[in-house]
Amino acid sequence: MKILFIPNWRVKHLEEDDAHIQAPDKYVAGKPYWFFKYFPRDTEVDVLDIGEPGIVQKLEKKIKFYIKQPIKAFRRRNEYDLVISHGAQSGLMYELLTSFVKRKPRHLMFDIGGLNGSRINNFETPLIRYALRRSPAIIVHSSRQLDLYRQHYPNLVAKSTFIPFGADFDYFDEGLEININKRVVAFGYAKRDFATLCEAFAGIDDRRGFELHIIGDTRLAATYAQHSAIVFHEKMSISDLMEFIMESAAVAIPLPEYLYSYGQMSFLQSMALRKSMIVTETTSSRDYVSHVPGVRTTQPGDVADMRRALEETFAMDKGELLYRGLMNAEYVRNDFSESLMGRRIWNFVKTTFPELDA
């Protein structure tokens, strides 16, 4: 079986493996790519990414979907048994192009952003319905997105499914020493509610010596310049970030509410690193962190709830923080690993397209 994978990000093609680069972002010669290692051994995968930055890509960012990459995939489509697009920014245009031809391979689309950020209006929604009128198979990483299809895209329901995102547990659990220093780490840039987190932290009178470190987003640095216990850092490499997290007491992932998937890689990887967690319970996180022993969930935009979660973390001793982190890692290993995600994806492919498993 030959598969063309079209992700809406850049993938580095390497002759030798580089442990500093995460699996989705590298294609190593002679080795299976990402979750495809859990597909049958005879599976051949080619990766066609969004390409180098340029004038066309600047235009694509403004209109919020890709043009050049899907056109290339359309031209190459008949070399493959299956085309998998990761992100509707790539998949919608490809599906639209193939909807005008009779000969095309099967198409599976990962809908990460709710097709159009889950926006429903009288202009864009009919266009999306038209592009998807031939009903590709779809995987979502947040179960609530399926409600969007039932209400507004009913033709997609029959071939759509929820498969949880899975973290590469072995990559994040290997060789790092656990330390419990008095600091809480938050990281990321897009779709983070650092305003709620910082306001909650600044409003605590007795922080018991704890500091809050925010990595990758310095936009609030001037606002909290007088708060010496709130420290802002520029974006750092994945290896440096992992070490920084391992030397911390807990990780906070404050999220705003959107009706699609985001932030899952951040909190699952932090859980795999054996850290106690504070995570906002949203559409994106609810399937993963509700009722997990080592995760304190908070409500979106609720400063008082976030403050209570921080105070509860500050009151824990090292033994309790360590125990919560170990429970989180075990939870990821058993329920949200990359291997489990890969096997679930393959099971969906062979069930939805049984001829590919012949």
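One structure accompanies this document, and this report is about it.

Rules behind the numbers
- Residues numbered from 1 in each chain as written.
- Predicted model: local features only at pLDDT ≥ 70, side-chain atom pairs only at ≥ 80, totals over all residues.
- Heavy atoms only, no water.
- Pairing = 2+ DSSP bridges.
- Helix = DSSP H or I, 4+ residues; strand = E, 2+ residues; numbered from the N terminus.
- Axes fitted to C-alpha atoms, helices over the stretch in contact; angles between N-to-C directions.
- Salt bridge = Lys/Arg side-chain N within 4 Å of Asp/Glu carboxyl O.
- Buried < 20%, exposed > 50% of the residue type's maximum accessible area, 1.4 Å probe, protein only.
- Expected span 1.5 Å × (residues − 1).
- Contact = heavy atoms within 4.5 Å.

**Quick notes on the sheet that holds strand β8 (residues 160-162)**
- If you trace the six strands from one edge of the open sheet to the other, you get β4-β1-β5-β6-β7-β8, paired in parallel fashion. Of all strands in the sheet, those bounded by a partner on one side alone are β4 (44-47) and β8. Here the strands of the sheet are splayed against their neighbours by 20° on average, with no regard to which way each runs.
- Across five bridges, the pairing between strand β5 (residues 82-86) and strand β6 (residues 106-110) is parallel. What sits directly across from Val 83, in β6, is His 107.

**Focus on the pattern of salt bridges**
- If you walk through the whole model with that rule in mind, you get 14 salt bridges.
- Put simply, Asp 147 and Arg 150 hold a salt bridge, and the shortest N to O gap is 2.5 Å. Linking Asp 147 with Arg 150, this pair stays in helix α6 (residues 145-152), spanning three residues, or about one helical turn.
- Relative accessible area serves as the criterion here: at 32%, Asp 147 is assigned to the partly exposed category.
- What makes Arg 150 partly exposed here is its relative accessible area of 48%.
- Arg 286 serves as the salt-bridge partner of Glu 281, at 3.4 Å between the closest nitrogen and oxygen.
- On the basis of relative accessible area, Glu 281 is assigned to the buried category, the value being 19%.

**Remarks on helix α14 (residues 338-352)**
- The terminal C-alpha atoms of α14, which comprises 15 residues, lie 21 Å apart, in line with the 21 Å expected from a rise of 1.5 Å per residue.
- Looking at α14, one finds that the buried residues are Glu 338, Leu 340, Met 341, Gly 342, Ile 345, Trp 346, Phe 348 and Val 349.
- Elements in contact with the buried residues of α14: β5, β6, β7 (137-140), β8 and α13 (318-335).

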